[in-house]
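# Working through the structure, step by step
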Amino acid sequence: MADTAPRPPLRSPLAHAAPRLAAATRASGGAVRLAELPFLTQVDVRLDAKGAAADAVGPALGLTLPTEPGTVERAGESRALWLGPDEWLLVGPPGGARDLETRIRAAAGDEPVSVTDVSAQRTTLLVAGPRARDLLAHGCALDLHPRAFGPGRCAQTDLARTQVVLVSRDGGGAGFWVLVRSSFAGYLADWLLDAATEYV
């Protein structure tokens with residue numbers, strides 16, 4: 001007999017922090033904007049960047065897998081982040097992991113490819129506003145100046161001693177995505193809230 005018991009609603013790693021993030025945004029007078037973007041689809045893909053699978057997978061996804069280190073390709077609401085010479089992270093709207101996996105495997109055919117849904121592994125923090133770079137610079141050793149880390153760039157780095165994937169989003173005032181492991185999300189949110197008090 002099928003289990004018909006209702007499932008509890010999903011709860012994001014930072015659901016408890018949403019009021020504090022919103023309050024810090026208001027208190028900064030627009031200098032910084034902090035929010036969680038929960039449940040984004042995140043699919044890790046590994047394949048030979050010079051092989052037939054790479055040539056087939058990009059068009060199947062409607063975007064190009066970036067080959068330049070630390071770059072991001074965007075198509076609509078989806079992004080492909082370069083994580084290594086043979087590794088990409090595909091990020092898109094919630095609920096799209098199964099479709100992405102199916103399309104990638106179908107496009108790759110018999111070519112070797114690894115496709116892993118890592119959506120539950122991380123959550124995403126939005127850090128935006130005119131002082132977003134200054135805020136992140138308090139705890140990140142990367143040069144975040146727009147000439148060095150402008151829109152369309154990404155990096156695996158440490159922020160406040162926490163491993164993250166940092167994405168500089170394109171578009172005026174779009175800010176940054178900070179992809180952080182769910183188990184460290186609360187700590188990192190607390191750190192960002194503390195660092196943001198400088199702008200209150």
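Before reading on, note that the structure itself is shown above.
Residues numbered from 1 in each chain as written. Predicted model: local features only at pLDDT ≥ 70, side-chain atom pairs only at ≥ 80, totals over all residues. Heavy atoms only, no water.

### Points about the sheet that holds strand β1 (residues 33-37)
Under the convention used in this document: Criterion used throughout: strands pair if DSSP finds at least two bridges between them. To qualify as a helix, a DSSP run of H or I must reach at least 4 residues; to qualify as a strand, a run of E must reach at least 2; elements of each kind are numbered from the N terminus. Under this scheme, a helix contributes an axis fitted over its contacting stretch, all axes are lines through C-alpha atoms, and angles between N-to-C directions fall in the 0 to 180 degree range. Note on definitions: a residue-residue contact is assigned when non-hydrogen atoms from the two residues lie within 4.5 Å.
One open sheet holds the five strands; their spatial order is β1-β7-β10-β9-β8, and the pairing between them is antiparallel. Every other strand in the sheet has two partners, leaving β1 and β8 (153-159) as the edge strands with one partner each. Averaged over all adjacent pairs, the angle separating strand axes in this sheet is 25°, with direction ignored. Examined bridge by bridge, β8 and strand β9 (residues 162-168) share seven bridges and lie antiparallel to one another. Its bridge partner lying in β9, aspartate 158 is registered against glutamine 163. Across the sheet, helix α1 (residues 18-27) is in contact with β1 and β7 (122-128); its angle to β1 comes to roughly 155°. Seen against the sheet, helix α5 (residues 182-196) touches β1, β7, β8, β9 and β10 (176-181) and runs at an angle of roughly 135° to β10.

### Things to note about the pattern of salt bridges
Close approach of charged atoms allows side chains of opposite charge to pair. Note the cut-off: By definition, a salt bridge exists where a carboxyl oxygen of Asp or Glu is found within 4 Å of a side-chain nitrogen of Lys or Arg. Exposed residues in this analysis have more than 50% of their type's maximum accessible area, buried residues have under 20%, and partly exposed residues fall in between, with area computed by a 1.4 Å probe over protein chains only.
Enumeration according to the criterion identifies eight salt bridges in this entry. With its nearest N and O atoms 2.9 Å apart, the salt bridge here joins aspartate 170 to arginine 74. Here aspartate 170, found in the loop between β9 and β10, pairs with arginine 74, found in strand β3 (residues 72-75); they are 96 residues apart in sequence, far enough to count as distant. You can call aspartate 170 partly exposed: its relative accessible area is 32%. Aspartate 99 serves as the salt-bridge partner of arginine 103, at 2.9 Å between the closest nitrogen and oxygen. Of the two residues, arginine 103 and aspartate 99 are both situated in helix α3 (residues 97-108); the distance of four residues between them amounts to about one turn of the helix.

### Details of the pairing of strand β4 (residues 78-84)
Extensive coverage of β4 is indicated by the burial of six of its seven residues. Pairing of β3 with β4, which is carried by four bridges, proceeds in the antiparallel orientation. Across the sheet, residue alanine 75 finds its bridge partner in β4, namely serine 78. The turn linking β3 back onto β4 is made up of two residues, and glycine 76 within it adopts a positive phi angle of 65°. One ladder, built from five bridges, connects β4 with strand β5 (residues 87-92); its direction is antiparallel.

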